[in-house]
Amino acid sequence: GDSVTQMEGPVTLSEEAFLTINCTYTATGYPSLFWYVQYPGEGLQLLLKATKADDKGSNKGFEATYRKETTSFHLEKGSVQVSDSAVYFCALRPNTGNQFYFGTGTSLTVIP
Amino acid sequence: DAGVTQSPTHLIKTRGQQVTLRCSPKSGHDTVSWYQQALGQGPQFIFQYYEEEERQRGNFPDRFSGHQFPNYSSELNVNALLLGDSALYLCASSRRGLAGGNVLIYEQYFGPGTRLTVT
C-alpha cells in the first residue's frame, strides 16, 4: 500500500548549518508529495509541495525535488535558523483517492 | 480570512464516554478531513467529507463517525472511548478540483487540533 518513510530524528543542528531530511515513498503511479511543518502546540502548516516528477517545491528557503527514479522527496535548506526548530512531516496523496499518508515526523532543533 | 478553526482546544473524558469535536473549514473550502495524531507520530487519516457525505475512510472502527453540515463545517464523534483514543485530533480543509474525471484535493489546511485525553 501507499506509505511514506522519513529519516528518524531528532536532528540537532547549529544555526546556519545545512539541513537534509530524507523522505522516501511507496505508491503506484504518480502521487503528489508534500512537506508539512508543525511548531510546538500548533497544527500542521503546508511548507511546500510537488505534484509531478522532477518538480521542485520551495518555500522560505526550503526545497524538495520529486525524484521518481529514487521515489524520494528529501527536504533541504542551506542555512537553518533557530526559528526553523519544529517537527517536519513528509506526506503523499495518491493519484487516485484523496487520503493523505504521513510519515512519522522528524524533530529538528536548531541551536544558536 | 479565518483559517481552519476547531473546538474545543482540550478535552478530558472517561473511558466509555462519547465525545464530539467540531471543525469549521477555511473560507472557500468545501471538503473536511479528520486525522488522529498520537504523541510522537504522524497524523493518521480517519475520514473525509464533502457534499455532506463520507467519501473516504481510513482504518478506524465505526466507533468513529462524522457529519458535515450544509455550511461545510463538520463534527467528529467517538463513542465508547478507549484509553488509546487519547490523541490530538486534527481537522483539515481543502477545495476539490477535477483532474481526468477524478475528484482530487491538492492542498490541505490544518486547524490547531483538539487534544483529547481519555482517563
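Presented here is a report on the structure given in the accompanying data block.

Calculation notes
- Residues numbered from 1 in each chain as written.
- Chains lettered and ligands numbered in written order.
- Predicted model: local features only at pLDDT ≥ 70, side-chain atom pairs only at ≥ 80, totals over all residues.
- Heavy atoms only, no water.
- Contact = heavy atoms within 4.5 Å.
- Buried area = accessible area lost by both parts, 1.4 Å probe.
- Salt bridge = Lys/Arg side-chain N within 4 Å of Asp/Glu carboxyl O.
- Polar contact = N/O pair within 3.5 Å; in protein donor to acceptor, adjacent residues only side chain to side chain.
- Nonpolar A, V, L, I, M, F, W, Y, C, P; charged D, E, K, R; others polar.
- Buried < 20%, exposed > 50% of the residue type's maximum accessible area, 1.4 Å probe, protein only.
- Helix = DSSP H or I, 4+ residues; strand = E, 2+ residues; numbered from the N terminus.
- Pairing = 2+ DSSP bridges.
- Phe/Tyr/Trp six-rings, centres within 6.5 Å; stacked < 30°, edge-to-face > 60°.
- Lys NZ or Arg CZ within 6 Å of the ring centre and 35° of its normal.

**A look at the interface of chain A and chain B**
Taken together, the contacts link 18 residues of chain A with 22 residues of chain B. Taking both sides of the interface into account, the surface hidden between chain A and chain B amounts to around 1700 Å²; carbon and sulfur atoms contribute 51%. At the boundary of chain A with chain B, the tally comes to 1 salt bridge. For Glu107(B), the salt bridge goes to Lys49(A), with nearest N and O atoms at 2.6 Å. Our count for the chain A to chain B interface comes out at 3 residue pairs in polar contact (both at pLDDT 80 or more). A per-class count over the side of chain A that touches chain B returns 7 nonpolar, 8 polar and 3 charged.

**Some words on the pairing of strand β9 (residues 87–94) of chain B**
Residues and elements named next belong to chain B. Along β9, 8 of the 8 residues are buried, which leaves the element largely enclosed by surrounding structure. The two faces of β9 match: Ala87, Tyr89, Cys91 and Ser93 on one face and Leu88, Leu90, Ala92 and Ser94 on the other face are all buried. In this structure, strand β4 (residues 31–37) lies alongside β9, joined through 7 bridges in antiparallel fashion. Bridged to Val32 within β9 is Ser93. Pairing geometry for β9 and strand β13 (residues 114–118), over 3 bridges, is antiparallel. Opposite Tyr89, over in β13, you have Thr114 as the bridge partner.

**A closer look at the packing of aromatic side chains**
Applying the stated criterion to the full structure yields 12 aromatic pairs over all chains. With centroids separated by 5.4 Å and ring planes inclined at 85°, the aromatic side chains of Tyr36(A) and Phe110(B) adopt a geometry described as edge-to-face. Note that Tyr36(A) is positioned in strand β5 (residues 32–38) and Phe110(B) in strand β12 (residues 109–110), a pairing that runs across two chains. Taking relative accessible area as the criterion, Phe110(B) reaches 10% and is therefore assigned buried. Between Phe62(A) and Tyr88(A), the ring centres sit 5.6 Å apart and the planes meet at 40°, which makes this aromatic pair tilted. Placement of the pair is Phe62(A) in strand β8 (residues 62–65) and Tyr88(A) in strand β10 (residues 86–93), with a sequence separation of 26 residues. There is no split in this pair, since Phe62(A) and Tyr88(A) are both buried. Each member of the aromatic cluster is reached from another via a ring pair, and the members are Phe34(A), Tyr36(A), Phe100(A), Phe102(A), Tyr35(B), Phe45(B) and Phe110(B). Residue placement shows Lys68(A) over the ring face of Tyr30(A); its charged tip is 4.4 Å from the ring centre.

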